[in-house]
Amino acid sequence: MSQPMPLVIVGAGGHGRSVLELVRLDGRYDVQAFLDDQQPAGTDVMGVPVWGPTALLEQLPARGVPSVHVAIGHNRTRQTLCARARAAGLELATLVHPRAFASPSAVLGAGTALMACAVLGTQARLGEGAIVNVGAVVDHHAQVANFGHLGANATMAGGSTIGERAWLQAGAALGYGVHLPDDTIVAPGEGRS
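Scope of this entry: the structure provided in the associated data block. (Residues numbered from 1 in each chain as written. Predicted model: local features only at pLDDT ≥ 70, side-chain atom pairs only at ≥ 80, totals over all residues. Heavy atoms only, no water.)

## Remarks on the overall build of the chain
Line of reasoning, step 1. Counting its secondary structure elements, the chain contains 2 helices and 23 strands.
Line of reasoning, step 2. In terms of C-alpha radius of gyration, the chain reaches 16 Å, essentially the compact-globule figure of 16 Å for 193 residues.
Line of reasoning, step 3. Along the three orthogonal principal directions, the C-alpha set of the chain runs to about 50 × 35 × 30 Å.
Line of reasoning, step 4. Out of the 193 residues in the chain, the part that is buried amounts to 49%.
Line of reasoning, step 5. Put simply, of all contacts in the chain between residues at least 6 apart along the chain, 30% involve residues at least 24 apart.
Line of reasoning, step 6. When the accessible area of the chain is evaluated, it comes to approximately 8300 Å², of which 53% is carbon and sulfur surface.
Line of reasoning, step 7. Here the chain contributes 12 positively and 14 negatively charged side chains, and the mean placements of these two sets differ by 1 Å. (Helix = DSSP H or I, 4+ residues; strand = E, 2+ residues; numbered from the N terminus. Rg over C-alpha atoms; globule rule 2.2 N^0.38 Å. Buried < 20%, exposed > 50% of the residue type's maximum accessible area, 1.4 Å probe, protein only. Contact = heavy atoms within 4.5 Å. Areas by Shrake-Rupley, 256 points an atom, 1.4 Å probe, with all protein chains shown as cover. Lys, Arg positive; Asp, Glu negative; His and termini not counted. Charge placed at Lys NZ, Arg CZ, Asp CG, Glu CD.)

What follows is the structure, given as C-alpha cells:
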C-alpha cells in the first residue's frame, strides 16, 4: 500500500468529525489538520489540530497539503469553499466509507462524501461536493447535482434527480423519476412523488 496523502478537512463540526473517522478507516489520506471558523487555532479535535479559520485555505499548498475535503453540511457554504480550494490549486478529495456501497457503474464527482452504509446504485451520478449521508440511498440512474445533500436515511428512487444545493433531510424520499429543483429543501420524513 502506498503512503497516505496529506489531507486537511474544512469544518470540524459533526460532519467533519464523521469524515475524519471515514478517512481513518479508509487509509488513503492522512489528516494533517482541520480548518474551522468556530474553533480556535490549536484546538484538538479527536486527535487532530485546528490550524485556524477557513481564511487559511489558500495557504495550504505552501504548507505541503495537496488535498482538502470540505465537510460542511450547509450546501452554499460548501460550494463557496470548494470553489476557493480549486482556485488555490487544491484537489477536492472524494471519500467513500469502507462500509458504503458504490456501484462500479456509478459516477462520483470531486469532493463528494459517501458515508457509512450509504448506497449509490447502478449508473447513479453524484455531482461535485455532494453528500450522501449515513444509510442514504441514491438508486439506479438517480442523479444528485453539484452540492446536493442527502441526510441520514434519505432515499432517491430510480431515475429521480435533485438540483444544485438541494437537500433531502433525514428520512426524506423521492419517488421514481421525480425531480427536485435547485435549492429545494425537503423536510425530515417528507416524501415527493
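## Focus: helix H1 (residues 14-26)
Line of reasoning, step 1. Between its first and last C-alpha, H1 extends 19 Å over 13 residues, near the 18 Å set by a 1.5 Å rise per residue.
Line of reasoning, step 2. Within H1 the residues assigned to the buried category are His 15, Gly 16, Val 19, Leu 20, Leu 22 and Val 23. For H1, the buried positions fall inside an angular range of 165° around the axis, keeping them on one side. In H1, the exposed positions that point more than 90 degrees away from the buried face belong to Gly 14 and Leu 25. (Expected span 1.5 Å × (residues − 1). Arc of directions from axis to C-beta.)

## Notes on helix H2 (residues 75-87)
Line of reasoning, step 1. For H2, with 13 residues, the first-to-last C-alpha span of 18 Å sits near the 18 Å given by 1.5 Å per residue.
Line of reasoning, step 2. Within the span of H2, buried status applies to Asn 75, Arg 78, Leu 81, Cys 82 and Ala 85. Buried residues in H2, looked at end-on, bunch into an arc of 130°, giving them a common side.
Line of reasoning, step 3. Considering only its buried residues, H2 is in contact with strand S1 (5-10), strand S5 (67-70), strand S6 (91-92), strand S13 (131-132), strand S16 (149-150) and strand S19 (167-168).

## Observations concerning the nonpolar core
Line of reasoning, step 1. Ranked by internal contacts, the top residues of the largest apolar core, which has 24 residues, are Val 138, Val 144, Leu 150, Met 156, Ile 162 and Leu 168.
Line of reasoning, step 2. Apart from residues no more than four positions distant in its own chain, Val 144 is found in contact with Arg 125, Leu 126, Gly 127, Ala 130, Val 138, His 149, Leu 150, Met 156 and Ile 162.
Line of reasoning, step 3. Core analysis: the second largest hydrophobic core is formed by 18 residues, Val 23, Tyr 29, Val 45 and Ala 113 among them. (Core = buried A, V, L, I, M, F, W, Y, C linked by side-chain atoms within 4.5 Å.)

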